[in-house]
Amino acid sequence: MELHAITDGKKSIKELKEIITSIADVVDYIHIREKSKVPAEIVALVEELIYAGVEKERLVINDRLDIALLTGIRNVHLPANSLPAAKVKTAYPYMRVGVSVHSVEEAKTAEEARADYCLFGHVFETDSKKGLAGRGTNALGKIVEQLQIPVIAIGGITPDNVEQVLEKKVHGIAVMSTIFSSSQPKEAAIHLKNIVQKGG
Ligand SMILES: Cc1nc(C(=O)O)sc1CCOP(=O)(O)O
């Protein structure tokens, strides 16, 4: 069972470096999702993380295929309206490509496009999608049933509700605030990892 940590776009490069190096051995993947930082900053962050010993295999670059290529990262995550997954897989077959999906239809499209996994959300209410009800665990279960590729759940997942997600036989979970808004990110990640590991 995979645990993905997604950066929240609110931290400085220095803070990100501290948090990511502290959780790098706990979580399976760390998505660098820094939409308001310029490419030069993101490249510098990735290079600093690698220099600090974070394994390249654990880093996922959100949206920016160019930055992944430039920094030698072989994981890219494509949000809605990003690059077409099929074209990325054709051009860079070795690249592990994830796609964000919000319905069965989008999930099937991602699978047909040879995405390696899909990220389905948002399962529960979350500050990241203010005013929008969660899509719920039943919708999550249907996606898992209908897809061959791994489904990772995202959105409002905390230690208190993660069991409901694990019951749906997901391949993993992804969290942002549970780790990045915590005053003790490493402890928060360990706590969640322990629960997730018990669930499979
Ligand atoms: C980055 C992201 N994508 C989502 C989607 O539904 O596709 S929800 C989300 C944010 C998740 O943050 P938190 O763990 O704090 O709820």
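Keep in mind that this is a model prediction, so the values were computed, not measured.

Analysis parameters
- The numbering scheme is per chain: residues are counted from 1 as the chain's sequence reads.
- Local features in this predicted model are restricted to residues whose pLDDT is 70 or higher, and side-chain atom pairs enter the listing and the counts only when it is 80 or higher, whereas totals over whole chains, interfaces and linings include all residues.
- Only hydrogens and water are set aside when side-chain values are computed; all heavy atoms of the structure are taken into account.
- Here a residue counts as near a molecule or strand whenever at least one of its heavy atoms sits within 4 Å of it.
- Pairs of N or O atoms within 3.5 Å make up the polar contacts considered here, provided that, within protein, one atom can donate a hydrogen while the other can accept it, and that residues adjacent in sequence are counted only when both atoms are side-chain atoms.
- Three residue categories are used. Nonpolar comprises Ala, Val, Leu, Ile, Met, Phe, Trp, Tyr, Cys and Pro, charged comprises Asp, Glu, Lys and Arg, and polar comprises the others, including Gly.
- Only protein chains enter the area calculation, which uses a 1.4 Å probe; residues under 20% of their type maximum are buried, those over 50% are exposed, and those in between are partly exposed.
- Strands here are runs of E lasting at least two residues and helices are runs of H or I lasting at least four, both read from the DSSP assignment and numbered beginning at the N terminus.
- This arc is built from the directions going out from the helix axis to the C-beta atoms.
- Here, residues are in contact when the closest pair of their heavy atoms is within 4.5 Å.
- When DSSP locates at least two bridges between a pair of strands, those strands are taken to pair.
- Structural elements are reduced to axes, namely lines fitted to C-alpha atoms, with helices fitted over the stretch in contact, and the angle between N-to-C directions of any two is expressed from 0 to 180 degrees.
- Looking down the strands as they point away from you, a crossover is right-handed if its path from the first strand over the helix to the second goes clockwise.
- Counted as salt bridges are all cases of a side-chain nitrogen of Lys or Arg within 4 Å of a carboxyl oxygen of Asp or Glu.

Chemist: Please clarify how the site of the ligand should be interpreted in this entry.
Modeler: As a structural note, the neighbourhood of the ligand is formed by 13 residues, with His102, Thr126, Gly156, Met176 and Ser177 the closest of them. In the model, an oxygen atom of the ligand is placed 3.4 Å from a nitrogen or oxygen of the serine 128 side chain. At a separation of 2.7 Å, an oxygen atom of the ligand approaches a polar backbone atom of glycine 156. Across the shell around the ligand, the residue classes tally to 3 nonpolar, 8 polar and 2 charged.

Chemist: So what exactly am I meant to see when it comes to helix α6 (residues 136-146) here?
Modeler: Since the α-helix turns once every 3.6 residues, residues separated by three or four places project in the same direction. Every buried residue belonging to α6 is among Thr137, Leu140, Gly141, Ile143 and Val144, and all of these are buried. Seen from one end, α6 has its buried residues packed into an arc of 160 degrees, which puts them on one side. In α6, the exposed positions that point more than 90 degrees away from the buried face belong to Asn138 and Glu145. Of the surrounding secondary structure, the elements contacted by the buried residues of α6 are α5 (104-112), β6 (117-120), β7 (151-154) and α7 (162-166).

Chemist: Would you mind going over the sheet that holds strand β2 (residues 29-32) with me for this structure?
Modeler: The 8 strands are arranged β1-β2-β3-β4-β5-β6-β7-β8 in a closed barrel whose pairing can be described as parallel. Neighbouring strand axes in the sheet, compared pairwise and without regard to direction, differ in orientation by 25 degrees on average. Looking at chain direction, β6 and β7 are connected through 3 bridges and run parallel. By the bridge assignment for β7, phenylalanine 120 is matched with alanine 153.

Chemist: Would you explain the pairing of β2 in this entry?
Modeler: Within a regular beta strand, the side chains point alternately toward one face of the sheet and then the other, so they alternate between its two faces. Neither face of β2 is left uncovered, since the one carrying Tyr29 and His31 and the one carrying Ile30 and Ile32 both have all their residues buried. Where strand β1 (residues 2-6) lies against β2, 3 bridges are found, and the strand directions are parallel. Counterpart to alanine 5 in the pairing with β2 is isoleucine 30. As for the winding sense of the linkage, the β-α-β connection from β1 through helix α1 (residues 13-23) to β2 is right-handed. In this sheet, strand β3 (residues 59-62) lies alongside β2 in parallel orientation, the contact comprising 3 bridges. When the sheet's bridge partners are listed, histidine 31 is paired in β3 with valine 60. Handedness of the β-α-β unit built from β2, helix α2 (residues 39-51) and β3 comes out right-handed.

Chemist: What's the story with the pairing of β7 in this structure? I'm lost.
Modeler: A crossover connection joins β6 to the parallel β7 through α6; in handedness this β-α-β unit is right-handed. The sheet contact formed by β7 and strand β8 (residues 172-175) spans 3 bridges and is parallel. Bridging across to β8, isoleucine 154 finds its partner in alanine 174.

Chemist: Before we go on, may I ask you to explain the side chain of histidine 122 in this structure?
Modeler: Inspection of the secondary structure assignment puts histidine 122 in the loop between β6 and α6. Side-chain polar atoms of histidine 122 contact the backbone oxygen of leucine 132, separated by 3.3 Å. Polar side-chain contacts of histidine 122 include one of 3.1 Å to the backbone oxygen of alanine 133. Dropping the residues within four chain positions of it, histidine 122 is found in contact with Lys129, Leu132, Ala133, Gly134, Arg135, Gly136, Ile154 and Gly155.

Chemist: Explain the pattern of salt bridges here, please?
Modeler: Side chains bearing opposite charge may pair, as long as their charged atoms lie close to each other. For the coordinates displayed, the defined rule picks out 9 salt bridges. The partner of lysine 17 in a salt bridge is glutamate 48, with the nearest N and O atoms 3.6 Å apart. A residue pair is termed long-range when its members are at least 10 positions apart, and lysine 17 in helix α1 and glutamate 48 in helix α2 qualify at 31 residues. Here glutamate 48 falls in the partly exposed class, since its relative accessible area comes to 31%.

All quantities given are derived from atomic positions and should not be read as evidence of function.
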